[in-house]
Amino acid sequence: MQSIREIVFDTETTGFDPLTGDRLVEIGAVELINHVPTGRTYHQYINPDRDVPEEVVKVHGLTNEFLKDYPLFEKVAQEWVDFIGDDGILVAHNATFDMKFINYELKRLGFEEYQWDRVVDTLEIAKSKFPGQRNNLDVLCKRFGIDNSARTFHGALLDAQLLAEVYLELLGGAEPTMDLSSSVKTKDDKSSESIEVKRVFREARKFLFSEEENLAHREFLEKNIKNPIWLLDEVEENKEAN
């Protein structure tokens, strides 16, 4: 069975639109193999070669002074492309925004743009599961019981790590295969590594029913199902008693 390789990522920028001069200032990404984190991440601050508006600094905390000594995107573009690889499926929250910036920069530098058949938008998944509700990252973390207390600013790597947890919950749970560990191989690591996935403990649900409902259920079984396997022990006990 072929492995599914996904890159959950997030970006921070100077604004909303690269066509009007806004640029990337940070990229963070987390690798998943078959929906299990491998431990491989990508993180890069980027010099946007322009001023970062004060109102945007209030969102992600990345100032001109902080970013001025980091490389321009053209210096790290190949590293990003190599990390994604030919097989990586890109997963982002409100992917239209992030892909707009990523593809703008790649096209500007002569790299091939990513096509939408390689993109998963977790915001669209959340909207389909929780229609009419707020579905930003903070709300989804709270909904799924994911600790996001470290998120005082929007930070690309932290947001990507939180989004990876949210994404797995949107798919049905942190371990959809019901297997608590998985051996995976990454492109850069030929040895297998066992990854333990810890799940939140949930108490068993209790279903209460009346004696009348119990009798009706027993009557239905006696009429429609002969010798059901879940009553065999009771039948054997009756035989021994007689």
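None of the values given here were measured: they were computed from a predicted structure. (Residues numbered from 1 in each chain as written. Predicted model: local features only at pLDDT ≥ 70, side-chain atom pairs only at ≥ 80, totals over all residues. Heavy atoms only, no water.)

A. Seen up close, the pairing of strand β3 (residues 36–45). Relative to β3, strand β2 (residues 24–33) runs antiparallel, the two sharing seven bridges. Looking at the pairing, Leu32 lines up with Pro37 of β3. Linking two consecutive strands that pair antiparallel, namely β2 and β3, is a turn of two residues; a positive phi of about 50° is found at Asn34 within it. (Pairing = 2+ DSSP bridges. Helix = DSSP H or I, 4+ residues; strand = E, 2+ residues; numbered from the N terminus.)

B. Here's a closer look at the packing of aromatic side chains. As enumerated under the stated definition, the model contains eight aromatic pairs in all. Their ring planes at 40° and their centres at 5.4 Å tell us that Phe66 and Tyr70 sit as a pair that is tilted. Within the aromatic cluster, the residues linked to one another by ring pairs are Phe9, Tyr42, Trp80 and Phe83. Positioned above the aromatic ring of Phe130 is the side chain of Arg143, whose terminal nitrogen or guanidinium carbon lies 4.2 Å from the ring centre. (Phe/Tyr/Trp six-rings, centres within 6.5 Å; stacked < 30°, edge-to-face > 60°. Lys NZ or Arg CZ within 6 Å of the ring centre and 35° of its normal.)

C. Representation of the packing of helix α3 (residues 73–84) against helix α4 (residues 95–108) within the structure. At a minimum axis separation of 11 Å, α3 and α4 run at an interaxial angle of 110°. Comparing the axis directions of α3 and α4 gives the class roughly perpendicular. Between α3, through Phe73, Glu74, Trp80 and Val81, and α4, the contact on the second element is made entirely by Ile102, Glu105, Leu106 and Arg108. Considering only residue class, the contact of α3 with α4 consists of five nonpolar, no polar and three charged. (Axes fitted to C-alpha atoms, helices over the stretch in contact; angles between N-to-C directions. Parallel < 35°, antiparallel > 145°, perpendicular 65-115°, else oblique. Contact = heavy atoms within 4.5 Å. Nonpolar A, V, L, I, M, F, W, Y, C, P; charged D, E, K, R; others polar.)

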